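Fold and contact review
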Amino acid sequence: MATRSPWPRPLSLPCCCLLLLALGSPGFFQSHAVEVDVKDLSNNTCIYAKWMMSFLIKYETNSSEYKNVTLKPSTNVTHDGSTCGNNTHAPLLAIQFGAGHSWSINFTKTNETYQGNIISFTYNTNDAVFKDAKTKGPITIVVNDTMHPVQLNTVYKCHHLDSIEVANVSLFFWDVILQAFVQNGTVSKHDSTCEADKSTVAPTTVANLTTAPITTASSPLPTTTSKPVEKPLIGNYSLKDGDKTCLLATMGLQLNVSQEKPVLININPKTTNVTGSCGNTSATLRLSDSNRTFIDFTFAVKNTSANTQRFYLKEVNITLISSINGSEPLNAGNNNLSIWDTFLGSSYMCQKEQTVLVTEDLQIHTFDLRIQPFKVQDNKYSKAQECSLDDDTILIPIIVGAALAGLIVIIVIAYIIGRRKTYAGYQTL
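Read on for a plain summary of the structure. Note that this is a predicted model, so its numbers are computed, not measured. (Residues numbered from 1 in each chain as written. Predicted model: local features only at pLDDT ≥ 70, side-chain atom pairs only at ≥ 80, totals over all residues. Heavy atoms only, no water.)

**Quick look at the nonpolar core**
Residues Trp51, Leu71, Leu93, Trp103, Phe121, Leu171 and Phe173 are the most contacted members of the largest nonpolar core, which totals 44 residues. With 8 residues, strand E2 (residues 45–60) is the largest single contributor of residues to this core. Listed in part, the 39 residues of the second largest apolar core include Val301, Val316, Ala332 and Val356. (Core = buried A, V, L, I, M, F, W, Y, C linked by side-chain atoms within 4.5 Å. Buried < 20%, exposed > 50% of the residue type's maximum accessible area, 1.4 Å probe, protein only. Helix = DSSP H or I, 4+ residues; strand = E, 2+ residues; numbered from the N terminus.)

What follows is the structure, encoded as structure tokens:
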């Protein structure tokens, strides 16, 4: 991964102002770095922050389908409302960006520590990126910050990516440098490193993920024998609408990521949370492997004739936290799929391994798949439509046809030989 350029020294701005410097960053999930210097009326720094952030938002369209949008602070960031706080109001760090989007966090402290308190994020679906959004206007979510208490007069640093999921929004933060309640207007020289940075985990033992290198023909032969990646565990997932099950899914999932170092990642169903939504013509299954991996499967209904409806997998979106490249999340999607197709009211089944192409660098391998995203009755799968890979019945006519063809050939050959012998007999008479 490319090394980022050194940061310029932040400018000093008067009374409760921010400096925001946006720089590009390489990777699948490109974002912009933001550097912040909040000053009081005496022009002394009270909050200093520099961090990377991105937002992944799922929204409903007018056709009752669900789509994903990624928002990132860009160069047009403003800072209205940021304040050092007083006896009645907590210090507040607030930014605004894009077409009506904003994010803020306030801070609290004790005699010895400080920490983030409440995060507020507002996104505006009037922005053109929310194509055909059913709900128009600003939408606000509020969530408690997950930051642990930090000693006063200490700078909090965390290179590791952290994520917060609330409602249909995922917030991502990484490369964080922060000090609230700066003393005497001078940012401290003492650091407090987050626990995630202290315990660096090798890719082969990342919590809730099973990873191993993929060997290619062009790769040099390893000096040691590596353990092959095992087939992923089969998970059973379901969604409810009230007290009724509205979606059923059974499958083993394996991600094939061809980035700097290609890896296979097995999704562990024992540590995977299930969320999503059900509808009459669109349904989404979101699998979150302990907030390290997000996989969204979006299903749709289509009319093939006046009286016939079928469902199919229309879209897949994946966000993979920094277990692969060490710093930024990988975000990829494909909204032009047309697979796992069968009659509405049935289930789709494929026991053989299948590959879902998300991008050139990311594929999903499924094992022992069975899915029914619509019209689930009595919490059970309906009759399954098997995939062509599983359907051995198509081999029967092929085998029978081949046998008959072989028999015909034998009869024809025997007939020709018999004719020749008969003709030779007549010649000797």
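**Describing the side chain of Asn266**
Of note, Asn266 is situated in strand E16 (residues 263–267). For Asn266, the side chain forms a polar contact with the main-chain oxygen of Glu230, separated by 2.7 Å. Side chain to side chain, Asn266 and Gln254 meet in a polar contact 2.8 Å long. (Polar contact = N/O pair within 3.5 Å; in protein donor to acceptor, adjacent residues only side chain to side chain.)

**Regarding unusual backbone geometry**
If you check the backbone angles, Asp132 has positive phi at about 60° while not being a glycine. Tracing the backbone shows Asp132 in the loop between strand E6 (113–124) and strand E7 (138–144). Taking relative accessible area as the criterion, Asp132 reaches 41% and is therefore assigned partly exposed.

**Things to note about the pairing of strand E20 (residues 308–320)**
A regular strand carries its side chains on alternate faces of the sheet. With 11 of its 13 residues buried, E20 lies for the most part within the structure. Taking the residues that link successive antiparallel strands as the turn, the strand E19 (residues 293–305)-E20 hairpin has 2 residues. With 3 bridges joining them, E20 and strand E22 (residues 339–343) adopt antiparallel strand pairing. Counterpart to Leu313 in the pairing with E22 is Ile339. Inspection of the sheet shows E20 paired to strand E21 (residues 330–334) by 5 bridges, in the antiparallel sense. Bridge pairing in E21 links Val316 to Asn334. (Pairing = 2+ DSSP bridges.)

**Here's the deal with the pattern of salt bridges**
Where charged atoms from two side chains of opposite charge approach closely, those side chains can pair. Under the defined criterion, the tally for this structure stands at 9 salt bridges. The closest approach of N and O atoms between Lys134 and Glu60, which form a salt bridge, is 3.7 Å. One end of the pair, Lys134, is in the loop between E6 and E7; the other, Glu60, is in strand E2, with 74 residues separating them in the sequence. Across the pair Arg286 and Asp296 runs a salt bridge, and its minimum N-O distance is 2.8 Å. With a gap of 10 residues between them, Arg286 in strand E18 (residues 282–289) and Asp296 in strand E19 connect regions that are remote in the sequence. A relative accessible area of 6% means that Arg286 is categorised as buried. Put simply, Lys58, Glu165, Arg286 and Asp296 are held in one network by salt bridges that share partners. (Salt bridge = Lys/Arg side-chain N within 4 Å of Asp/Glu carboxyl O.)

**A short note on the pairing of strand E4 (residues 92–97)**
Most of E4 sits inside the fold, with 5 of its 6 residues counted as buried. Between E4 and strand E5 (residues 101–109), which follow one another and run antiparallel, lie 3 residues, and Gly98 among them has a positive phi close to 60°.

**Thoughts on a nonpolar patch on the surface**
A surface patch of nonpolar side chains, about 380 Å² in accessible area, is lined by Ile408, Val412, Tyr415 and Ile416. Inspection of the secondary structure assignment puts Val412 in helix H2 (residues 395–428). A relative accessible area of 41% places Val412 in the partly exposed class. (Patch = residues over 30% accessible without salt bridge, like charges linked within 9 Å, V, L, I, M, F, W, Y side chains within 5 Å. Areas by Shrake-Rupley, 256 points an atom, 1.4 Å probe, with all protein chains shown as cover.)

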